[in-house]
Amino acid sequence: MARHINNKLLGIKISYYRKRKGFTQAQLAEQIDISPSYMAKIECGFLSKCVSLTVLNDISNELNVSIDELISPD
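All figures in this text were calculated on a predicted structure; none of them were measured in a lab.

Criteria and cut-off values
- Residue numbers run consecutively from 1 along every chain, following the written order of its sequence.
- Residues qualify for local features only when their pLDDT is at least 70, as the model is predicted, and side-chain atom pairs are given and counted only at 80 or more; totals for whole chains, interfaces and linings, by contrast, use all residues.
- Processing note: side-chain calculations cover all non-hydrogen atoms of the structure and skip hydrogens and water entirely.
- For Phe, Tyr and Trp, rings pair up if their centres lie within 6.5 Å, where Trp contributes its six-membered ring, and each pair is then called stacked (planes under 30 degrees apart), edge-to-face (over 60) or tilted (otherwise).
- Here the axes come from fitting lines to C-alpha atoms, over the contacting stretch only for helices, and the angles between their N-to-C directions go from 0 to 180 degrees.
- Each helix is a run of H or I in the DSSP string that is no shorter than four residues. Each strand is a run of E no shorter than two, and both are numbered from the N terminus.
- Convention used here: angles under 35 degrees read as roughly parallel, angles over 145 as roughly antiparallel, angles from 65 to 115 as roughly perpendicular, and any remaining angle as oblique.
- Handedness of each helix crossing follows the sense of rotation of the near helix against the far helix: counterclockwise by less than a right angle gives left-handed, clockwise gives right-handed.
- Residue contacts follow a heavy-atom distance rule, with two residues in contact if any of their heavy atoms lie within 4.5 Å.
- Side-chain classes are defined by residue name, with Ala, Val, Leu, Ile, Met, Phe, Trp, Tyr, Cys and Pro counting as nonpolar, Asp, Glu, Lys and Arg as charged, and the others, Gly among them, as polar.

1. Looking at the packing of aromatic side chains
Summed over the entire model, instances satisfying the criterion amount to one aromatic pair. An angle of 75° between the planes, with centres 5.0 Å apart, marks the rings of Tyr16 and Tyr17 as edge-to-face.

2. Here's the deal with the packing of helix H1 (residues 7–21) against helix H4 (residues 53–63)
Their axes nearest at 10 Å, the elements H1 and H4 cross at an angle of 30°. As far as their axial angle goes, H4 and H1 are roughly parallel. Helix-helix and strand crossings are classified by hand; for H1 and H4 the assignment is left-handed. Contact residues: Leu10, Ile14, Tyr17, Arg18 and Lys21 in H1; Leu56, Ile59, Glu62 and Leu63 in H4. Looking at the contact of H1 with H4, its residues break down into six nonpolar, no polar and three charged.

3. Considerations on the packing of helix H2 (residues 25–32) against H4
Where H2 contacts H4, the two axes come as close as 10 Å, and the packing angle between them is 115°. Judged by the twist between their axes, the crossing of H2 over H4 is right-handed. Here H2 contributes Leu28, Gln31 and Ile32 to the contact with H4, which in turn contributes Val55, Asp58, Ile59, Glu62 and Leu63. Looking at the contact of H2 with H4 residue by residue, the classes come out as five nonpolar, one polar and two charged.

Right, here's the structure in full:
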């Protein structure tokens, strides 16, 4: 079954785990090779489409959290 990803909630969770790791948005963006402005849009939920699986995987790896934890509605 397809799962709808709430971009706003995804951004909140990424921000939470990023801060727990002690990274700034710019540091995380650099680690996963995306622009700081794109990282900011991800965290603010200001994306017209979902984050690509590649970027989501890179974020989850860098933050040591599963993709499922990032996209779960809980």
